[in-house]
Structure formats: C-alpha cells, structure tokens
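# Descriptive structure summary
The chain contents come next:
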Amino acid sequence: QVHLEESGGGLVQAGGSLRLSCLASGISISNYNMAWFRQAPGKDREFVTAISPSGRITYYPDAVKGRFTVSRDNAKNTVYLQMNSLKVEDTAVYYCATRSGGILSNPIGYRTWGQGTQVTVSS
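Residues numbered from 1 in each chain as written. Predicted model: local features only at pLDDT ≥ 70, side-chain atom pairs only at ≥ 80, totals over all residues. Heavy atoms only, no water.

To continue, consider the overall build of the protein chain. A tally of helices and strands in the protein chain yields 0 helices and 11 strands. Across the protein chain, helices and strands are ordered from the amino to the carboxyl terminus as β-β-β-β-β-β-β-β-β-β-β. Over its C-alpha trace the protein chain gives a radius of gyration of 13 Å, about what one expects of a compact globule, namely 14 Å for 123 residues. Along the first, second and third principal axes, the C-alpha atoms of the protein chain reach 40 × 25 × 25 Å. Here the protein chain, with 123 residues, has 41% of them falling under the buried criterion. Restricting the contact set of the protein chain to residue pairs at least 6 apart, pairs at least 24 apart contribute 55%. As displayed, the protein chain has an accessible area near 6,400 Å², and 47% of this comes from carbon and sulfur atoms. (Helix = DSSP H or I, 4+ residues; strand = E, 2+ residues; numbered from the N terminus. Rg over C-alpha atoms; globule rule 2.2 N^0.38 Å. Buried < 20%, exposed > 50% of the residue type's maximum accessible area, 1.4 Å probe, protein only. Contact = heavy atoms within 4.5 Å. Areas by Shrake-Rupley, 256 points an atom, 1.4 Å probe, with all protein chains shown as cover.)

Set out below in structure tokens:
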C-alpha cells in the first residue's frame, strides 16, 4: 500500500527555517505531481505548493511565494519543502500528497496523504 511519511517539523522562532521531507513507500513518485498542504487547528486544509514529476514546474500561492521552495529527488522517492523566513501564521500541520487530478489547489484532487508533521513558529 502507498505510504507517505513527512518529517522535519519542529518549533522555530519567526524568521527561522525548516526543511521538511516526504518519503514515499509502495510507489514510485517519478510519474506523479506532488504537493504540500497545511492545516491549522479550526482551519481548512490549505494548498502550499505543487511540483511536476520532473521537478521543472512548481507553483506557489502568494502566502508562501519567495519564502518556500519545493524540490524532489525521484531516485530517493522523496519530496522536500524548504521553508525560510517563517512566520507565526505558517504554524500548521504540513502534509504531502500525490495528485490524481482536478484543480491544483483542491485537496480532493490528491490520491494519497501522509500523516503530517507539525510546524510551530513562535514570535
């Protein structure tokens, strides 16, 4: 069965950095668009970024553009999210997912989800 496992979350001060990893098992990610979402308590799941199978195409909403960078190493079956200049409002559980289709920012279009990793940014 396909399994995604996020890691790298933690507690950081505003302005700091974290690098998240998403390791896939039971699937080769090389043919899949991958994405990161985040969800804060009481909030809807929010689209963070997406990356094409080759890694050549990425997309970022304005909330993270210029601060976050998504990358992938298909040989390692891993997707990364480098987060710089973190803000308190970035605090959330971060999830990676494989895309099956549909609107890019809509969670409904994603096939498999990890369990998430907590990112907490303090002021």
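Of note, Arg67 is situated in the loop between strand S6 (58-59) and strand S7 (68-73). A relative accessible area of 9% means that Arg67 is categorised as buried. A distance of 2.8 Å separates a polar side-chain atom of Arg67 from the backbone oxygen of Ala63. In terms of polar contacts, Arg67 uses its side chain to reach the backbone carbonyl oxygen of Ser85, at 3.0 Å. Those residues in contact with Arg67 that sit more than four places away from it in its chain are Gln82, Met83, Asn84, Ser85, Leu86, Lys87 and Asp90. (Polar contact = N/O pair within 3.5 Å; in protein donor to acceptor, adjacent residues only side chain to side chain.)

This paragraph deals with the side chain of Ser52. Inspection of the secondary structure assignment puts Ser52 in the loop between strand S5 (46-51) and S6. For Ser52, a relative accessible area of 9% gives the class buried. Ignoring anything within four residues of it in the chain, the contact list for Ser52 reads Tyr32, Asn33, Ile57 and Arg72.

Before going further, it helps to examine the sheet that holds strand S3 (residues 18-25). Reading across from one edge, S1-S3-S8-S7 is the order of the 4 strands in this open sheet, with antiparallel pairing throughout. Each edge of the sheet is formed by a strand with only one pairing partner; in this case those strands are strand S1 (3-7) and S7. With direction set aside, neighbouring strand axes in the sheet form an average angle of 15 degrees. (Pairing = 2+ DSSP bridges. Axes fitted to C-alpha atoms, helices over the stretch in contact; angles between N-to-C directions.)

For the structure on display, the rule yields 4 salt bridges. Residue Arg38 pairs with Glu46 through a salt bridge whose shortest N-O separation is 2.9 Å. Across the pair Asp90 and Arg38 runs a salt bridge whose closest N-O atoms are separated by 2.8 Å. Here Arg38 lies in strand S4 (residues 34-39) and Asp90 lies in the loop between strand S8 (78-83) and strand S9 (92-99), a separation of 52 residues in the sequence. The exposure classification of Asp90 matches that of Arg38, with both residues buried. (Salt bridge = Lys/Arg side-chain N within 4 Å of Asp/Glu carboxyl O.)

Function-wise, these values are silent; they only describe arrangement.
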